[in-house]
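# Observations on the three-dimensional arrangement
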Amino acid sequence: MVSAQGQSYLNDIRTGQGMSAMTPDAKLGQAALQQAGYMAGSGKMVHTTGRGKDFATRIKDNGIEGAASENIAQGRMDMAKLFQMWRDSPAHRRNMLDERFNRFGLAYVTRGGERYWALVMGR
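Residues numbered from 1 in each chain as written. Predicted model: local features only at pLDDT ≥ 70, side-chain atom pairs only at ≥ 80, totals over all residues. Heavy atoms only, no water.

### As for the overall build of the chain
In plain terms, the rule: The numbering of helices and of strands both runs from the N terminus, where a helix is a DSSP run of H or I of at least 4 residues and a strand a run of E of at least 2. Working rule for contacts: check all heavy atoms of both residues, and any pair within 4.5 Å makes them a contact. Methods summary: accessible areas were calculated by the Shrake-Rupley approach with a probe of 1.4 Å, and residue burial reflects only the protein chains presented. Just so you know, the count uses Lys and Arg for positive and Asp and Glu for negative, and it drops His and the chain ends. The atoms used to mark charge sites are NZ of Lys, CZ of Arg, CG of Asp and CD of Glu.
When helices and strands are tallied, the chain shows 5 helices and 4 strands. Scanning the chain from its N terminus toward the C terminus, one meets helices and strands in the order α-β-α-α-β-α-α-β-β. Taken along its principal axes, the extent of the C-alpha atoms in the chain is 40 × 30 × 25 Å. Nonlocal contacts in the chain, meaning residues at least 24 apart in sequence, comprise 67% of its contacts between residues at least 6 apart. Here the chain has roughly 6200 Å² of accessible surface; of this, 47% comes from carbon and sulfur atoms. Separation of charge centres in the chain, based on 17 positive and 11 negative side chains, amounts to 3 Å.

Here it is as structure tokens:
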């Protein structure tokens, strides 16, 4: 997991809009790592897994309660480029600026030089 490394990028986006900062969370980080690992293993960028788990099931199985959201990405980009891409996408930006969220987990898994990223946000 690379949550601590991504914290400043995510919080620059949030505090730049007058919002509170988010803190890394181990459960959210585990959910992000699971999804990044699945995507790297399958070579697919999806929010579900081939094991019959959708996002809501994965969140619940990790002991996460309440609202949650996920941003995913694939590519050879570094973290600065990743957060710029999400910031510039209306749907991804909306997830990062959701006032319900105050915790997050960020992870990636590499396959063939490509990074498969997952950012999971929750309460």
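Still to come is the rest of the account.
### Regarding the sheet that holds strand β1 (residues 23-24)
Operational definition: Criterion used throughout: strands pair if DSSP finds at least two bridges between them. Note on geometry: axes are C-alpha line fits, over the in-contact stretch for helices, and angles between N-to-C directions span 0 to 180 degrees.
Pairing is mixed across the open sheet formed by 4 strands, whose spatial order is β1-β3-β4-β2. Edge positions in the sheet fall to β1 and β2 (68-75), since each of these pairs with one other strand and no more. Here 8 bridges tie β2 to strand β4 (residues 114-122), and the two strands are oriented antiparallel to one another. What sits directly across from I72, in β4, is A118. Docked against the sheet, helix α1 (residues 3-15) engages β1 and β3 (103-111), running at close to 120 degrees with respect to β3. Contacts from helix α2 (residues 26-42) reach β1, β2, β3 and β4, with the element oriented near 25 degrees to β3.

### So, helix α4 (residues 79-88)
Formally: With a 1.4 Å probe rolled over the protein chains alone, any residue whose accessible area is under 20% of its type maximum counts as buried; one over 50% counts as exposed, and the rest are partly exposed. In this description, the arc belongs to the directions extending from the helix axis to the C-beta atoms. Counted as a polar contact is a pair of N or O atoms within 3.5 Å, where, for protein atoms, one must be capable of donating a hydrogen and the other of accepting one, and residues adjacent in sequence contribute only when both atoms are in side chains.
Residues of α4 that are buried include every one of M79, L82, F83 and W86, and no others. Along the long axis of α4, the arc covered by the buried residues comes to 90 degrees, so they all point the same way. Looking at the buried side of α4, the elements it contacts are α1, β2, α5 (90-96), β3 and β4. By the N-cap criterion, in which a side-chain oxygen at the helix start approaches the backbone nitrogen of a residue two or three places on, α4 is capped by D78, the distance to A80 being 3.3 Å.

### As for the packing of aromatic side chains
Counted only if it meets this: Under the pairing criterion, centres of Phe, Tyr and Trp rings, with the six-membered ring standing for Trp, must be within 6.5 Å; the plane angle then separates stacked pairs below 30 degrees from edge-to-face pairs above 60, leaving the rest tilted. Each ring is checked for a lysine NZ or an arginine CZ that lies within 6 Å of its centre and within 35 degrees of its normal; such an atom marks a charge sitting over the ring.
Here the structure, examined in full by the defined rule, presents 3 aromatic pairs. When the ring of Y108 is compared with that of W117, the centres are 4.7 Å apart and the planes differ by 45 degrees; the resulting orientation is tilted. Relative accessible area serves as the criterion here: at 0%, W117 is assigned to the buried category. By the ring-pair criterion, three or more aromatic residues cluster together here, those being Y9, F83 and W86. Its end group placed over the ring of Y108, R115 keeps NZ or CZ at 4.2 Å from the ring centre.

### Points about the nonpolar core
Applicable threshold: As used in this record, nonpolar core signifies buried Ala, Val, Leu, Ile, Met, Phe, Trp, Tyr and Cys residues forming a set joined through side-chain atoms within 4.5 Å.
With 19 residues, the main nonpolar core has L82, F83, W86, M96, L106, W117 and L119 as its most contacted residues. Secondary structure elements with two or more residues in this core: α1, α4, β3 and β4. Looking at this core element by element, the count peaks at 4 residues for α4. Residues in contact with F83, not counting those within four places in the same chain, are G6, Y9, L10, I13, M96, L106 and L119. Membership of the second largest hydrophobic core comes to 14 residues, among which are L28, A32, M39 and I59.

### Points about the confidence of the model for the chain
Filter applied, for reference: The predictor reports its confidence for every residue as pLDDT, a score running from 0 up to 100.
Confidence along the chain averages 92 in pLDDT terms, with 98% of residues attaining 70 or more. When pLDDT is averaged over each element of the chain, α5 comes out on top at 97 and helix α3 (residues 55-61) at the bottom at 87.

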